[in-house]
Amino acid sequence: MKKLKTLLLVAIIGLLVVAAGLGFLFGFDNPVAWILIGMVILIPFIYNWKVRSDQLVWKDSYSVGIAQLDDDHRKLIELLNKFQTAYEYHTGEEFERKALEELVDYTKYHFDHEEKLLQDNNYPDFAAHKDQHVAMIAEVERFVEDYQVRGHEALEGVAQYLQGWLINHINGTDKQYTSHLQEKGLN
Ligand SMILES: [Fe+2]
């Protein structure tokens, strides 16, 4: 699917260049040819805008009311965006693999951090919350295994899936601990 999109993009650029070339046969003052050249120049900017508009931007409404966990969530969003950029721009295997590893490592670190805070403060729903983290890590590990086998292609849709999961988890499950932790004096 991703390959098809790239091929389509290359075909469109190729057609525009050929059409502009033909247009210039009618003279260098042919406005249609210049419009076609303008369209070729705009394509990377449009692609850039599209990739950026698909990225997550931290909003105050994502806050769980505990500064150290908000900091973790901000960092997770940053690493997720970095991973999405590495994937979308075909930045090469090394950068892509590093971005994925960084994201996975930080996700594990953050889950441990959050779980420790919940456990230390006797959060009553600790077990159910931890189950969600464990299930997510298992899922992420499946992505990584698939990546070892199939490479770049295996990552299609992964960033979008992780974005959706993270925001749902923050807004749904994480925010449930806010009042408990704040009553314990955390903020
Ligand atoms: Fe959580």
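- The name recorded for the chain in an unreviewed UniProt entry is Hemerythrin, from endosymbiont of Escarpia spicata.
- Taken verbatim from the UniProt record of the chain, the Sequence similarities (unreviewed entry) comment is "Belongs to the hemerythrin family."

**What about the UniProt feature "domain: Hemerythrin-like" (unreviewed entry) in the chain?**
In step 1: Mapped onto this numbering, the UniProt entry gives "domain: Hemerythrin-like" (unreviewed entry) at residues 65-177.
In step 2: Span residues 65-177 is 80% helix and 0% strand, its end C-alpha atoms 9 Å apart.

**Some points on the coordination of the iron ion**
In step 1: Here the iron ion is held by the protein donor atoms Glu 114 (OE), His 129 (NE2), His 133 (NE2), His 169 (NE2) and Asp 174 (OD), which lie 1.9 to 2.3 Å from it.
In step 2: Of note, the donors binding the iron ion are all from one chain and are spaced E-x14-H-x3-H-x35-H-x4-D. Placement of the pair is Glu 114 in helix H4 (residues 93-120) and Asp 174 in the loop between helix H6 (158-172) and helix H7 (178-183), with a sequence separation of 60 residues.
In step 3: A relative accessible area of 0% places Glu 114 in the buried class.
In step 4: Judged by its relative accessible area of 1%, Asp 174 falls in the buried class.

**Overview of the UniProt feature "transmembrane region" (unreviewed entry) in the chain**
In step 1: Under the local residue numbering, the UniProt record ascribes the feature "transmembrane region" (unreviewed entry) to residues 7-26 and 32-49.
In step 2: Between the first and last C-alpha atoms of residues 7-26 the distance is 29 Å; the span itself is 90% helix and 0% strand.

Procedures and definitions
Residues numbered from 1 in each chain as written. Predicted model: local features only at pLDDT ≥ 70, side-chain atom pairs only at ≥ 80, totals over all residues. Heavy atoms only, no water. UniProt positions renumbered as here; feature names shortened; annotations may be inferred. Helix = DSSP H or I, 4+ residues; strand = E, 2+ residues; numbered from the N terminus. Donors = N, O, S within 2.8 Å, 3.2 Å for Na, K, Ca; no water. Buried < 20%, exposed > 50% of the residue type's maximum accessible area, 1.4 Å probe, protein only.

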